[in-house]
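Overview (structure and organization)
Okay, here's what each chain looks like letter by letter:
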Amino acid sequence: AAVWGTMGCFCPSRVRKMDENLLSVKPRKTAREEKKFSDEISEEVLLCVVACCEAIQTHLKVAQPEEGILRVSGLHSRWKGAVEELKANPENAKEILARCPIHDASSILKEMLREAQDTSGSLFTAKLYPRFESAQTVSDVKETVAQLPRRNYEALHILTDTLVALCAADSTRMTPSSCAMVLSPNLVLKSGSQEVMFQRLASNNMKGLFELLLANRSPIFEAEAKAAAAG
């Protein structure tokens with residue numbers, strides 16, 4: 001609105017002053033936007049991710065693995081109850097997951113990756129996420145993976161091994177592309193803005209990253225493989 005002086009004259013200086021005041025006001029951040037992400041997922045989340053992946057790998061050894069593992073959800077009330085039990089007793093994760101139907105186990109895995117979002121922003125960590133998102137070559141991915149904190153590295157390693165085995169089982173009808181589609185919401189960098197979250201889902205390079213990870217698991221994780229062989 002126009003600003004007029006006491007004598008009914010328009011005063012541009014007052015307009016400039018108002019504009020300066022408006023520009024100096026900083027929008028308040030939400031609690032989620034102000035949250036500082038840790039550099040590493042918790043030991044409890046790692047234990048649960050490992051247990052879920054091992055449960056899936058065990059199931060894949062049966063003659064006819066279930067179709068749509070990860071894509072098909074388990075019974076919500078049942079797997080939610082198992083999650084609460086896992087949070088109370090993470091050291092018993094393997095025993096708890098052994099009692100779960102396979103689609104419950106895969107739903108719990110996705111829930112644990114959401115837990116990683118809450119603590120680290122993403123399994124890939126808030127700090128390294130931009131580098132993963134822009135990775136174009138095996139060398140790019142390998143170099144960035146090597147910089148992950150220990151727990152995140154171990155979780156990503158067993159998750160990658162599990163997805164390779166899952167895609168290799170014809171009866172599951174899962175591919176690197178479908179795995180990326182299903183898991184992306186649980187792996188993209190968490191943001192205080194839902195709009196930003198949806199933009200990331202629409203434009204991120206998660207499909208290409210998954211294809212690089214799954215097609216080049218051995219060279220990407222070769223340092224650990226060599227250490228295990230030497231031990």
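Residues numbered from 1 in each chain as written. Predicted model: local features only at pLDDT ≥ 70, side-chain atom pairs only at ≥ 80, totals over all residues. Heavy atoms only, no water.

1. Considerations on the overall build of the chain
In plain terms, the rule: Here a strand is any run of E in DSSP of at least two residues, a helix any run of H or I of at least four, and the numbering for each starts at the N terminus. Exposure categories follow from relative accessible area, calculated using a 1.4 Å probe and restricted to protein chains: below 20% of the type maximum is buried, above 50% is exposed, and the middle band is partly exposed. Surface exposure here means Shrake-Rupley accessible area, sampled with a 1.4 Å probe, where a residue is shielded only by the protein chains that are shown.
If you tally the helices and strands in the chain, you get 14 helices and zero strands. Across the chain, helices and strands are ordered from the amino to the carboxyl terminus as α-α-α-α-α-α-α-α-α-α-α-α-α-α. Taking all 231 residues of the chain together, the buried fraction comes to 42%. Per element, the accessible surface of the chain, about 12800 Å² overall, is 54% carbon and sulfur.

2. Section: the confidence of the model for the chain
Test applied: Residue-level confidence of the predictor is what pLDDT reports, using numbers from 0 through 100. Two residues qualify as a contact provided that any one of their heavy atoms is within 4.5 Å of a heavy atom in the partner residue.
On average, the chain scores 81 in pLDDT, and the residues at 70 or more come to 74%. Per-residue pLDDT, averaged within each element of the chain, yields its smallest value for helix 2 (residues 31–34) (41) and its largest for helix 9 (residues 150–168) (96). Under a pLDDT of 50 for its full length, residues 21–34 has, in the predicted model, six contacts with residues more than four places off or in other chains.

3. Let's talk about helix 6 (residues 102–120)
Our working rule: Multiplying 1.5 Å by the helix residue count minus one yields the expected span of that helix.
Given a rise of 1.5 Å per residue, 19 residues ought to cover 27 Å, and the 27 Å separating the end C-alpha atoms of helix 6 matches this to within 8%. Within helix 6, 16 of the 19 residues are buried, which leaves it mostly tucked inside the rest of the structure. Of the residues flanking the end of helix 6, it is Gly-121, one or two places downstream, whose phi is positive at about 85°.

4. Considering the nonpolar core
Heads up, the condition is: Put simply, a nonpolar core is a bunch of buried Ala, Val, Leu, Ile, Met, Phe, Trp, Tyr and Cys residues held in one set by side-chain atoms that sit within 4.5 Å of each other.
Counting residues in each nonpolar core, the largest one holds 63 residues, and the members touching the most others are Leu-70, Ile-108, Val-145, Leu-163 and Phe-210. Counting residues per element, this core draws most heavily on helix 3 (residues 43–59), which supplies 10 residues. Other than its neighbours up to four places away in sequence, Leu-163 contacts Leu-70, Cys-179, Leu-183, Phe-210 and Leu-214.

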